[in-house]
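A closer look at the structure
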Amino acid sequence: MKLLIINGPNLGNIGRREPEIYGHEDFDSFLDSLKKEFREHEIHYFQSHHEGEIVAKIHKATEENYDGIILNAGAYSHTSYAIRDAVAAIGIPVVMVHISNVYARENFRHENVIAAKCKGVITGFGLKSYELAVRSYAV
Ligand code: DQA
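Remember, it's a predicted structure, so these values are computed and weren't measured experimentally.

**Here we look at the packing of aromatic side chains**
Going through the model one piece at a time under the given rule, you end up with four aromatic pairs. Taken together, a centroid distance of 5.6 Å and an interplanar angle of 55 degrees make the contact between phenylalanine 27 and phenylalanine 30 tilted. Remark: phenylalanine 30 and phenylalanine 27 occur in helix H2 (residues 27-37); sequence separation between them is three residues, near one turn of the helix. Grouping residues by exposure puts phenylalanine 27 and phenylalanine 30 together as buried. One aromatic cluster in this structure is built from Phe27, Phe30, Tyr45 and Tyr130. Lying over the aromatic face of tyrosine 66, lysine 2 brings its terminal NZ or CZ to 4.7 Å of the ring centre.

**Regarding the sheet that holds strand S3 (residues 68-72)**
Read across the sheet, five strands follow the order S2-S1-S3-S4-S5 without closing on themselves; strand pairing throughout is parallel. Every interior strand has two partners, whereas the edge strands, strand S2 (42-47) and strand S5 (120-123), have only one. Averaged over all pairs of adjacent strands, the angle between strand axes in this sheet comes to 20 degrees, irrespective of strand direction. Contacts between helix H3 (residues 51-63) and the sheet are confined to strand S1 (2-7), S2 and S3, with S1 contributing the most and set at about 175 degrees to the helix.

Reading guide: rules and limits
Residues numbered from 1 in each chain as written. Predicted model: local features only at pLDDT ≥ 70, side-chain atom pairs only at ≥ 80, totals over all residues. Heavy atoms only, no water. Phe/Tyr/Trp six-rings, centres within 6.5 Å; stacked < 30°, edge-to-face > 60°. Helix = DSSP H or I, 4+ residues; strand = E, 2+ residues; numbered from the N terminus. Buried < 20%, exposed > 50% of the residue type's maximum accessible area, 1.4 Å probe, protein only. Lys NZ or Arg CZ within 6 Å of the ring centre and 35° of its normal. Pairing = 2+ DSSP bridges. Axes fitted to C-alpha atoms, helices over the stretch in contact; angles between N-to-C directions. Contact = heavy atoms within 4.5 Å.

Written out as structure tokens, the structure is:
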């Protein structure tokens, strides 16, 4: 399968950002090991701090013939109707992931305005959340 991982704002420095919450492993080396673990899939990666760029990339994914998107929209998960509408507009299944368990954190993180348009949500398993999301495409 051709899968696209999209990471939203503040997710470019995982490993250094609040490591007590997000862990010490940097995303690039995690991504390398993920690609090696799932050689049967073609896994691509996009990260942006900008809402509009994320919306544009979600739409472009249809032209780029992706079979699935794994989306960690970061703080936009709690606020972005624009990303929600983009997810709803495309025919590609989107699995939302969070590294941390958002339900064990501040109240504002309990609301997710995008999740209802996703195939499912995986939250709280560290970077393993992405691995579980890749596996979910085999189900
Ligand atoms: C996050 C959780 C969000 O609440 C937060 O704003 C992030 C990361 C996670 O992966 O745990 O940036 O999406």
